[in-house]
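# Observations on the model geometry
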Amino acid sequence: MSEEDCDGSLWVGFYGGGLSHISPDGKTITSYKKADGLPDDNVVGLLLEGDEKLWISTYDGLSRFNKTTKEFQNFYSEDGLSHNEFNYSSFFKDSRGVFYFGGMNGINVFNPKALQESVRPPDIQFLGISGYNSRTNENFVKDYAQKELNNFIASPYDQYFEVNWSLPSYFQNSKNIFSTQLEGFENRWFYQGNATSVRYNKLPAGDYVLKIKGADSRGSETAHILSIPITVKQIFYKRWWFIALVIVAISGMVYSAFRYRLKQALAMERLRTKISSDLHDDVGSLLSGLAMQTELMEISASEADKFKLQKIAGISRNAISQMRDLVWSIDSRRETVHDLIERMHELAEELLLPKDIAFQIDSSSIKNPNKRLTAQTKQDLFLIYKESITNILRHSDATNVKIAFTNTSKGCVFTIQDNGSKKECYKSTGLGLSNMAMRAEKLKGELKFLKENGFCVQLHLPFNM
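These remarks concern the structure in this document. (Residues numbered from 1 in each chain as written. Predicted model: local features only at pLDDT ≥ 70, side-chain atom pairs only at ≥ 80, totals over all residues. Heavy atoms only, no water.)

## Describing a negative patch on the surface
The test is simple: Within this analysis, patches are made of residues with over 30% relative accessible area and no salt bridge. Like charges are joined at 9 Å or less; nonpolar side chains (Val, Leu, Ile, Met, Phe, Trp, Tyr) at 5 Å or less. In short, Shrake-Rupley with a 1.4 Å probe defines the accessible areas, and a residue's cover is counted only from the protein chains shown. Any carboxyl oxygen of Asp or Glu that lies within 4 Å of a side-chain nitrogen of Lys or Arg is treated as forming a salt bridge with it. Positive charges come from Lys and Arg, negative ones from Asp and Glu, while His and the chain ends are left out of the count. A charge is said to be at NZ when it belongs to Lys, at CZ for Arg, at CG for Asp and at CD for Glu. Each helix corresponds to a stretch of at least 4 residues labelled H or I by DSSP, and each strand to a stretch of at least 2 residues labelled E; elements are numbered beginning at the N terminus. When a residue's accessible area, from a 1.4 Å probe over protein chains only, is under 20% of the maximum for its type it is buried; when over 50% it is exposed; and in between it is partly exposed.
Residues Glu4, Asp7, Asp51 and Glu52 make up a contiguous surface patch of negative charge. As for its position among the elements, Glu4 is in strand S1 (residues 2–4). Its relative accessible area of 56% is what places Glu4 among the exposed residues.

## A word on the sheet that holds strand S7 (residues 61–66)
Note the threshold: What makes two strands pair is DSSP finding at least two bridges between them. Here an axis means a line fitted to C-alpha atoms, over the contact stretch when the element is a helix, while the angle between two N-to-C directions is reported on a 0 to 180 degree scale.
What the four strands build is an open sheet, ordered S5-S6-S7-S8; its pairing is antiparallel. Each having just a single partner strand, strand S5 (43–49) and strand S8 (71–75) make up the two edges of the open sheet. Strand-to-strand twist in this sheet, taken as the mean axis angle between neighbours without regard to direction, amounts to 20°. As defined by bridge partners, strand S6 (residues 53–58) adjoins S7 across six bridges and the pair is classed as antiparallel. Directly across from Ile56, in S7, lies its bridge partner Ser63.

## So, the nonpolar core
This is how the line gets drawn: Nonpolar core, defined: a set of buried Ala, Val, Leu, Ile, Met, Phe, Trp, Tyr and Cys residues in which side-chain atoms within 4.5 Å join the residues together. It only takes one pair of heavy atoms within 4.5 Å for two residues to be counted as in contact.
One finds Tyr385, Val401, Phe414, Leu459 and Met465 to be the most contacted residues of the largest nonpolar core, which totals 33 residues. Secondary-structure elements contributing two or more residues to this core are helix H3 (337–351), strand S21 (358–362), helix H4 (375–395), strand S22 (400–408), strand S23 (411–418), helix H5 (431–442) and strand S25 (456–461). Filtering out sequence-adjacent residues up to four positions away, Val401 remains in contact with Leu352, Ile357, Ala358, Phe359, Gln360, Ile389, Ile392, Ile416, Gln417 and Asp418. Ile124, Ala154, Val163 and Ile230 belong to the second-largest nonpolar core, a separate cluster that totals 24 residues.

## So, a nonpolar patch on the surface
A surface patch of nonpolar side chains, amounting to about 610 Å² of accessible area, comprises Phe236, Tyr237, Trp240, Trp241 and Leu245. Mapping Trp241 onto the fold places it in helix H1 (residues 240–300).

## Here we look at the side chain of Thr222
Rules: Residues adjacent in sequence count toward polar contacts only when both atoms are side-chain atoms; beyond that, a polar contact is any pair of N or O atoms within 3.5 Å, and within protein one must be able to donate a hydrogen and the other to accept it.
Mapped onto the fold, Thr222 is located in the loop between strand S19 (206–215) and strand S20 (226–232). The exposure class assigned to Thr222 is buried, which follows from its relative accessible area of 8%. Of note is the side chain of Thr222, whose polar atom sits 3.1 Å from the backbone oxygen of His224.

## Observations concerning the pattern of salt bridges
When their charged atoms lie close together, side chains carrying opposite charge are able to pair. All told, the structure shown has seven salt bridges when counted by the stated rule. Measuring nitrogen to oxygen at the nearest pair gives 3.3 Å for the salt bridge that ties Asp94 to Arg96. Across the salt bridge formed by Arg343 and Glu346, the nearest N and O atoms sit 3.2 Å from each other. Placement of the pair is Arg343 and Glu346 together in helix H3, with a separation of three residues, close to one helical turn. Since its relative accessible area comes to 4%, Arg343 is described here as buried. Take Glu346: its relative accessible area is 35%, and that puts it in the partly exposed class. Among the charged side chains, a salt-bridge network with shared partners connects Asp380, Arg439 and Lys442.

Nothing here speaks to function; it is geometry throughout.
So this is what it looks like as structure tokens:
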């Protein structure tokens, strides 16, 4: 079914496909269906009324289409038609401009110029909002038919809410159609058909505006669009004040934990300082006095007792040396890299120089001599160094020892190199080297023993000195 327009374009009606308009150049096709206001998608007749109007007969009413406004004005049996269903190709326009449309119950004859333009239906009436709240486990109904709505506020615990409205037109209400759009959530209009309600489930928190437009059975749209402002409140644990409160609480807990650990660390440092001071002052003086008394007794002792007294004095002096190392390792006042190197100097002077062994300590690569070392790190480094020096004295005929700290991009290399050779008569149990390897593992370092041009202990540390 087709009808050529005055501009050369073509109107085509389809059985079940609605109405289509083909532009004069044939490149653009515009379709109209029941959702757009056409009374039915089965088009059986087309007649032009001048340059502005097009009459369309269908299986469910007669429609007058305004080509300028794109609006449909629909007519039914209630308007005087003999029947709503028209026959295929049963239409005619005579020389006087009178239209004839044949239907199931006779022919409908009228002059379109005598018909009045459509009257817009009344505005849509907002009835109310209902829903279900999961916190109270109750359904709620808010009636707005008799009062003005400023803003509907939905609880974050509302599982859903349903908006209800009506079009107070008492003619063919079943053929009224509506469309809705929730601004802020939807970016287009949604066709709702004859339904007079729309439901939303668990909307995100925010501000929205629900817009509703409608048209009556004739296809005439309401003059105004109903706008309903809606606010969905944010659940408490996502609000800014709750988040700020949580941040403050976590910050307080972190600060309290930090203060507690700081107090514990300070208390431990004070305890370590007290223990090291007590050991140095009390036990150190006691051992020193024992060694001196033994040496004085040795002067007047018999030849048989002198050996025993010398052994006691030696043990006392060795105990004093061991205690000094212990005191130094736990003293919290001696925890920098500079303190470690200084103690290494003292030990080398104490042990190597009496044996006519020269030594050099190269610390020029150290970036931060005031860097603090943990007590365990300081102790493990020093004991590896002390074990290396002791091994040189016991098992090597070295005359020179070089100690160096070399920082690299991956950490630090601690080297103790002598120029001697291992004595063939020495029989080692291997505990000294094993202890050094164990301490290197605690430092997460790699320990190597090299035997070229003397003996070298090389410790690769994962941090800079």
